[in-house]
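# Structural overview for review
Here's the letter readout for the chains.
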Amino acid sequence: MSALDYSNDPKRGPHPLIVRKDAPYNAEPDITDLVKNYITPEEYFFCRNHGPLPDITESKHLIEIQGIGIENPTHISLKDIKENYEKSSVMMVMQCAGNRRDGLHKVKHTKGVIWGPGALGNAVYSGCRLRDVLATVGVTTKIKNLSKLHVAFESVEQCEEDKCYGSSIPLSKALDEFGDVLLAYEMNYSTLTRDHGFPIRVVVPGYIGGRSVKYLKSITIQDYESMSYYQRRDYKILPENVLDEDSANNYWCKVPSIGEYNVQSYVCNPADGMHEAAIANQKVQGYALSGGGRSIQRVDVSGDDGKTWTTAQLYQPAAEGDNCRVWGWCLWTATIPTKRNVRIVSRAVDSSGNVQQEYPVWNYRGVMNNSWRTVDPHTIEMSNI
Ligand SMILES: Nc1nc2c(c(=O)[nH]1)N[C@H]1C(S)=C(S)[C@@H](COP(=O)(O)O)O[C@H]1N2
Ligand SMILES: [Mo]
């Protein structure tokens, strides 16, 4: 077992998050809190960690930049990043690939923190563009074999079982003029907190949260994906016949790692068990999002378990400037009749026409669950009896 020391983790007083695991610290908000704000305040923002939080002195911290196409590997300081690169901001959803794992875990045992539907948030991150930093070391879209290259990110912290947190994305995403990948030092216009990656993290809009490496220590251009455990042996959708670690070992290298997340929606209000009465006009509220910059085209809401559907009203700011990609989430409301003992359902359609699937497709790591959200008219406890 790991002998990691968590005594230097930030002291967290009483706060509104539901703690899924103490050490490493993993917590998510109550979903009725989550949809109170379009931009998720930090107090309602989920935290996903794999080890003790590093305690980094900003003035001493350097990021190493090296690899293919870089003649002179270099180190860059936070001062350099803040003073010599244009500051830019991106509003985006950070969503863990394990969001809603609980739904798959109910089907069959899954491996991982049992997240409910709150392992996501919508924030404004600010920092410098990764492509600007790469340009100063000579890495641009003119690089040879662009489509075969990756940018690997490593973090400072030691995780469970002596692993270092790391991940990678295609270099083409990092260099894309409209990809909006940042080295961020602010979240919601405040300095990043230790929980969210102080002093600097990567943010990769449209990709699963796991690619947005916190406490960034190094950036490497290479012709293979990150060798990190979290890239190679985690965050993959294993086929349904893989039931345990032993059989997973035969599959990790055959299955691609997840980049962009899929189309998703969730009814946050009313919560399970909260609509026992038949109501003529019940207000239903939730979130919807999709990966890769795809916007939400439509959210269908049903008060009669999917027999009839009403189109929800969406709140989703349009894409900014020349960029047609949408990284922020969509909050929606619908007013529908609900009946006693009948489920409320939501399903989203994204701008590519992808629709959420009706039933969960179980996978061992419990990732990318996007089955229709059905609000159980009874409490969860009652439905388990
Ligand atoms: N260094 C480091 N970066 C990390 C992680 C981590 O444990 N360590 N977790 C990743 C995962 S799985 C997710 S979902 C996001 C969560 O970001 P947040 O804690 O700011 O919400 O950070 C990612 N970056
Ligand atoms: Mo994650």
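Residues numbered from 1 in each chain as written. Chains lettered and ligands numbered in written order. Predicted model: local features only at pLDDT ≥ 70, side-chain atom pairs only at ≥ 80, totals over all residues. Heavy atoms only, no water.

Heads up, the rule is: UniProt positions are given in the numbering used here, feature names are shortened, and annotations may be inferred rather than shown by experiment.
With an unreviewed UniProt entry as reference, the protein is termed Sulfite oxidase, source organism Thamnidium elegans. The UniProt entry for the protein carries the following text under Cofactor (unreviewed entry): "Mo-molybdopterin".

## Concerning the site of ligand 1
Spelled out, the test is: Here a residue counts as near a molecule or strand whenever at least one of its heavy atoms sits within 4 Å of it. N or O atoms within 3.5 Å of each other form a polar contact, as long as, within protein, one can give a hydrogen and the other can take it, and as long as residues adjacent in sequence are counted only when both atoms are side-chain atoms. Calculation of accessible area relied on Shrake-Rupley with a 1.4 Å probe; when residues are assessed, cover is drawn exclusively from the protein chains displayed. For helices the rule is a DSSP run of H or I covering at least 4 residues; for strands it is a run of E covering at least 2, with both sets numbered from the N terminus onward. Residue type decides the class: Asp, Glu, Lys and Arg count as charged, Ala, Val, Leu, Ile, Met, Phe, Trp, Tyr, Cys and Pro as nonpolar, and the leftover types, Gly among them, as polar.
Residues in close proximity to ligand 1 total 19 residues, the closest being His 50, Glu 157, His 196, Arg 201 and Lys 214. For ligand 1, an oxygen atom lies 2.7 Å from a polar atom in the side chain of His 50. Here His 196 contributes a side-chain N or O atom positioned 2.6 Å from an oxygen atom of ligand 1. Protein burial of ligand 1: of its 540 Å² of free accessible surface, 100% is covered by the chains. Every element with two or more residues in the shell around ligand 1 is listed here: strand E3 (47-48) and strand E8 (150-158). When the residues that make up the shell around ligand 1 are grouped by side-chain class, the tally is 8 nonpolar, 7 polar and 4 charged.

## Structural notes on the pattern of salt bridges
In plain terms, the rule: Salt bridges are counted wherever a side-chain nitrogen of Lys or Arg sits within 4 Å of a carboxyl oxygen of Asp or Glu. Burial status follows relative accessibility: with a 1.4 Å probe on protein chains alone, a residue under 20% of its type maximum counts as buried, one over 50% as exposed, and anything between as partly exposed.
Applying the stated rule across the entire model yields 18 salt bridges. The shortest N-O distance in the salt bridge between Lys 79 and Glu 83 comes to 3.5 Å. Placement of both Lys 79 and Glu 83 in helix H2 (residues 78-84) is noted, with a separation of 4 residues, approximately one turn of the helix. Classification of Lys 79 by relative accessible area gives exposed; the value is 56%. Here Glu 83 falls in the exposed class, since its relative accessible area comes to 55%. Because the salt bridges share partners, they merge into one network encompassing Asp 9, Arg 12 and Asp 195.

## Regarding the packing of aromatic side chains
Quick reminder of the rule: When the centres of two rings from Phe, Tyr and Trp lie within 6.5 Å, Trp using its six-membered ring, the rings pair. Their planes under 30 degrees apart give stacked, over 60 give edge-to-face, and anything left gives tilted. Charges are assigned to positions over rings by a cutoff of 6 Å between ring centre and Lys NZ or Arg CZ, combined with an angular limit of 35 degrees from the ring normal.
By the definition in use, this model includes 8 aromatic pairs. Where Tyr 165 meets Tyr 230, the ring centres are 4.6 Å apart and the plane angle is 25°; that geometry is what we call stacked. With a gap of 65 residues between them, Tyr 165 in strand E9 (residues 164-170) and Tyr 230 in helix H6 (residues 229-232) connect regions that are remote in the sequence. This pair shows no difference in class: Tyr 165 is buried, exactly as Tyr 230 is. Summarising the aromatic geometry, the rings of Tyr 287 and Trp 329 are spaced 5.8 Å apart at their centres and angled 15° between planes, so their arrangement reads as stacked. Note that Tyr 287 is positioned in strand E15 (residues 279-289) and Trp 329 in the loop between strand E18 (313-315) and strand E19 (330-338), a separation of 42 residues in sequence. The exposure classification of Tyr 287 matches that of Trp 329, with both residues buried. Clustering of aromatic rings is evident, with ring pairs tying together Phe 45, Phe 46 and Trp 115. Above the face of the Trp 309 ring, Arg 347 is positioned so that its terminal group lies 3.8 Å from the ring centre. Sitting over the ring of Tyr 235, Arg 365 keeps its end group 5.8 Å from the ring centre.

## Regarding the confidence of the model for the protein
Applicable threshold: Every residue carries a pLDDT, the predictor's confidence in it, which falls somewhere between 0 and 100. Residue contacts are defined here by distance: any two heavy atoms, one from each residue, within 4.5 Å place the two residues in contact.
The predicted model of the protein averages 93 in pLDDT, with 96% of residues at 70 or higher. Below a pLDDT of 50 lies the segment residues 380-385, which in the model reaches 2 contacts outside its immediate sequence neighbourhood of four places, other chains included.

## Some details on the side chain of His 61
Mapped onto the elements, His 61 comes out in the loop between E3 and strand E4 (62-67). Looking at His 61, the relative accessible area reads 8%, which means it is buried.

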